Amino acid sequence: MARPKVLATRPLFPAAQEILNASCDVDYWTKPERISKQELFRRVADKEGLVCLLKEKVNEELLAAAPKLRIASNVAVGYDNITVADCTKRGVAATNTPGVLDETTADFAWTLLMAVARRLGEGDALARSGHWTGWDLDQLVGADVWGKTLGLVGFGRIGRAVARRAAGFQMKVIYYDAVRAPLDIERGFHAEFRDFNTLLKEADFVSVHVPLLPETRGLFNEKTFSQMKPKSFLINTARGLVVDEAALVKALENKTIAGAALDVYEKEPQIHTGLMRPNVVLAPHIASASLDTRMKMACMAAENVVALLKGRRPSNLLNPEVLKAN
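Counting restarts for each chain: residues are numbered from 1 in the order of the written sequence. Residues qualify for local features only when their pLDDT is at least 70, as the model is predicted, and side-chain atom pairs are given and counted only at 80 or more; totals for whole chains, interfaces and linings, by contrast, use all residues. Only hydrogens and water are removed before side-chain values are computed, so all heavy atoms of the structure are retained for them.

Draft legend 1. Local environment of the pattern of salt bridges. One side-chain nitrogen of Lys or Arg within 4 Å of one carboxyl oxygen of Asp or Glu is enough to make a salt bridge. Evaluation of the coordinates by the stated rule reveals 23 salt bridges. If you follow the salt bridges from partner to partner, you end up with Lys5, Asp27, Glu39, Arg42, Arg43, Asp46 and Lys47 in one network.

What follows is the structure in structure tokens.
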């Protein structure tokens, strides 16, 4: 009996390859450059499974080029690269990899927060420059984190993991979410609900943890920044399109806010040139990039593919109605 054919747009990790290779014939894209759209369409044409990254758009155009496709398995918790409705229409299962990256991403949100508050990037550059003349009283003075107010925009798994870490800094934690958390959850995380505008006015650090949705696209804009404290900082490990980068640059230039730390961008991998400034910490979308976490993500994506192709329900199915239709 022929084994199902699968395309993986990256080599993944050996543990994930073992999962796929045990049940499927897998075509791995191994070249260092990103797979081109044309090559993706050519290779996926006869495949039943696709393991993809955020870079690949799974939409009507790709699905039309892949008539045998049964599952698109995203190696990410976010899936704004997948048009789930198009997948459902064609009977293609769509999956993601939630949960396994929560703590790692929360760690990195704190890494960014601490780095921008204490001007770590500037300090590193000075220490390496050969021009450091030694300790001085007002040299690279930054902002305290201990005892300040942390505002979380989005209070899902990652937002709550960030809140839990704030306890060690005795911070006041406030949050905004479209759906308010139950009171026992608020008490457990020592977090207080605020409407969005109030959170912006109160928070010293605003950390973003929302998915990319029509209502969150451009959530941080010129009006939003005008409501933040002049000494506040924005930290974004969510999605780049949640922040209007031109508005952010303007807010930084006008000292409407004190600084920003970003891991995601509007037009990745392009970064607005106005963000190349000392009070902005920039990272290349690596919030989940620990070896253990990325390996777990790849394995979860592989397991989703194998489950579907063996007639089982994948653990992280985004459109369960496709199983009912079949």
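Resuming the write-up.
Draft legend 2. Geometry of the packing of helix α5 (residues 102-117) against helix α7 (residues 157-166). To get an axis, fit a line to the C-alpha atoms, keeping to the stretch in contact for a helix; angles then go from 0 to 180 degrees between the N-to-C directions. Under the DSSP-based scheme used, a helix requires at least four consecutive residues in state H or I and a strand at least two consecutive residues in state E, with every element numbered from the N terminus. Direction vectors running N to C along α5 and α7 enclose 55°, while the axes themselves pass 8 Å from each other. Classified by the angle their axes make, α5 and α7 are oblique. The hand of the α5/α7 crossing is right-handed. Along its contact with α5, which presents Asp102, Glu103, Thr105, Ala106, Asp107, Ala109 and Trp110, the element α7 presents Arg157, Ile158, Ala161, Val162, Arg164, Arg165 and Ala166. We call two directions roughly parallel when the angle between them is under 35 degrees, roughly antiparallel when it is over 145, roughly perpendicular when it lies between 65 and 115, and oblique otherwise. Should the near helix be turned anticlockwise from the far one by less than a right angle, the crossing is left-handed, and should it be turned clockwise, the crossing is right-handed. For this analysis, residues touch if any pair of their heavy atoms sits within 4.5 Å.

Draft legend 3. The arrangement of the packing of helix α1 (residues 14-21) against helix α12 (residues 291-309) in detail. Where α1 contacts α12, the two axes come as close as 8 Å, and the packing angle between them is 5°. When the interaxial angle is binned, α1 and α12 end up roughly parallel. Residue-level inspection shows Ala15, Ala16, Ile19 and Leu20 of α1 in contact with α12, the latter providing Met295, Ala298, Cys299, Ala302, Glu303, Val305 and Val306. Looking at the contact of α1 with α12, its residues break down into 10 nonpolar, no polar and one charged. Three classes are used: nonpolar for Ala, Val, Leu, Ile, Met, Phe, Trp, Tyr, Cys and Pro, charged for Asp, Glu, Lys and Arg, and polar for all others, with Gly counted as polar.

Draft legend 4. Summary view of the packing of aromatic side chains. Classification of ring pairs uses Phe, Tyr and Trp, with its six-membered ring standing for Trp, and accepts pairs whose centres are within 6.5 Å; under 30 degrees between planes counts as stacked, over 60 as edge-to-face, and the remaining range as tilted. Tallying each qualifying case throughout the model produces nine aromatic pairs. Pairing Tyr176 with Phe193 gives two aromatic rings, centres 6.3 Å apart and planes at 40°, and the pair type is tilted. Placement of Tyr176 in strand β7 (residues 172-176) and of Phe193 in strand β8 (residues 191-193) is noted, with a sequence separation of 17 residues between them. Classification of Phe193 by relative accessible area gives partly exposed; the value is 24%. A network of ring pairs unites the aromatic residues Phe155, Tyr175, Tyr176, Phe189, Phe193, Phe196, Phe220 and Phe225 as a single cluster. The buried label goes to any residue with under 20% of its type's maximum accessible area, the exposed label to any with over 50%, and the partly exposed label to all in between, with areas taken from a 1.4 Å probe on protein chains only.

Draft legend 5. How the structure looks around a positive patch on the surface. Exposure above 30% relative accessible area and no salt bridge define the residues that can form patches, which grow by joining like charges within 9 Å and nonpolar side chains of Val, Leu, Ile, Met, Phe, Trp and Tyr within 5 Å. Surface accessibility follows the Shrake-Rupley procedure with a 1.4 Å probe radius. Residue values consider only the protein chains on display as shielding. The positive count covers Lys and Arg only, the negative count covers Asp and Glu only, and His and the chain ends enter neither. One atom stands in for each charge, and that atom is NZ of Lys, CZ of Arg, CG of Asp or CD of Glu. A cluster of basic residues, Arg34, Lys55, Lys57 and Arg217, forms a positive patch at the surface. Relative to the elements of secondary structure, Arg34 occurs in the loop between β2 (25-28) and α2 (37-44).

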